[in-house]
Amino acid sequence: MNQNKFLPPLVCGFGAAVLTIVPGIKSFSCCMIVPLAGVLSIYLDHKINKTSLPIGIKSAIWFGFMTGIFATLFTTSLDVLLTYLARTNDFVQALPQTEAIVRHYKLNGMLDQTMSMLKQMSVDITTNGFSAFYTAGILFSNFIINTIFGTLGGILGMTFINKRTKVKI
């Protein structure tokens, strides 16, 4: 396989990951940044490799999915690194408010077990700077979200490029 096939998703995935750890921009990561990275990934591949038109759906899905994979790996790595250095993160800061809200609903049974597990994750982060369960959780969450929205971005990019080139012809 052409090595240049991995370069646009890698670059765009890294760019999306850097933007998703910025506090003010973080909330737009799933619905704007990752899909735009998928669009940019397929656009860059089209420009670099002069791919034939129209761009196929398989190619668009592949580029979007790979952009989501790279965004997931880089986002998780950067989040774990920043958590290790700071010994805190959004999860640790939001846990007391989360517990208050959940306790307000008086959900018995598993609530105590769940809260004790979440508190242990918080303690691990504040003392060691790392929690394996937290890392696995954000890796899984980022994987699901980023690959779905990256794939949608790839398909959107395919549509944009194919439509744009048909107008010029």
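Anything mentioned here points back to the structure above.
Source: prediction; values computed, not measured. (Residues numbered from 1 in each chain as written. Predicted model: local features only at pLDDT ≥ 70, side-chain atom pairs only at ≥ 80, totals over all residues. Heavy atoms only, no water.)

So, the packing of helix H4 (residues 90-104) against helix H5 (residues 110-128)
Next up, step 1: It is at 10 Å that the axes of H4 and H5 come closest, and there the two elements cross at 165°. Relative to H5, the element H4 is oriented roughly antiparallel. In terms of crossing hand, the pair formed by H4 and H5 is left-handed. Here H4 contributes Phe91, Val92, Leu95, Glu99, Val102 and Arg103 to the contact with H5, which in turn contributes Leu111, Asp112, Met115, Leu118, Lys119, Met121, Ser122, Ile125 and Thr126. (Axes fitted to C-alpha atoms, helices over the stretch in contact; angles between N-to-C directions. Helix = DSSP H or I, 4+ residues; strand = E, 2+ residues; numbered from the N terminus. Parallel < 35°, antiparallel > 145°, perpendicular 65-115°, else oblique. Left-handed = near helix turned anticlockwise from the far one by under 90°. Contact = heavy atoms within 4.5 Å.)

Focus on the state of the cysteines
Next up, step 1: Applying the stated criterion across every chain, the model contains 0 disulfides.
Next up, step 2: Not part of a disulfide, Cys30 finds its nearest cysteine sulfur in Cys31, a span of 4.3 Å.
Next up, step 3: On the accessibility criterion, Cys30 (27% relative accessible area) is partly exposed. (Disulfide = S-S within 2.5 Å. Buried < 20%, exposed > 50% of the residue type's maximum accessible area, 1.4 Å probe, protein only.)

Thoughts on the nonpolar core
Next up, step 1: Counting 10 residues, the largest nonpolar core is built from Val80, Phe91, Val92, Leu95, Leu111, Met115, Met121, Ile125, Tyr134 and Ile138.
Next up, step 2: A per-element tally of this core places H5 first, with 4 residues.
Next up, step 3: Counting residues in hydrophobic clusters, the runner-up holds 6 residues, among them Ile42, Ala60, Met158 and Ile161. (Core = buried A, V, L, I, M, F, W, Y, C linked by side-chain atoms within 4.5 Å.)

Examining a nonpolar patch on the surface
Next up, step 1: A cluster of nonpolar side chains, namely Ile57, Ile61, Phe65, Phe140, Phe143, Ile144, Ile145, Ile148 and Leu152, defines an oily patch on the protein surface of about 780 Å² accessible area.
Next up, step 2: When contributions to the nonpolar patch are tallied by element, the ones reaching two or more residues are helix H3 (57-86) and helix H6 (132-168).
Next up, step 3: In this fold, Ile144 is placed in helix H6. (Patch = residues over 30% accessible without salt bridge, like charges linked within 9 Å, V, L, I, M, F, W, Y side chains within 5 Å. Areas by Shrake-Rupley, 256 points an atom, 1.4 Å probe, with all protein chains shown as cover. Salt bridge = Lys/Arg side-chain N within 4 Å of Asp/Glu carboxyl O.)

Things to note about helix H1 (residues 7-20)
Next up, step 1: Relative to the 20 Å expected for 14 residues at 1.5 Å per residue, H1 spans 20 Å between its end C-alpha atoms, a close match to the ideal helical length.
Next up, step 2: Taken as a whole, H1 has its buried residues at Pro8, Pro9, Cys12, Gly13, Ala16, Ala17 and Thr20. With its buried residues spanning 155° around the axis, H1 presents them on a single face.
Next up, step 3: Packed against the buried residues of H1 are helix H2 (29-49) and H3. (Expected span 1.5 Å × (residues − 1). Arc of directions from axis to C-beta.)

Points about unusual backbone geometry
Next up, step 1: Non-glycine residue Arg87 carries a positive phi angle of around 60°.
Next up, step 2: You can call Arg87 partly exposed: its relative accessible area is 32%.

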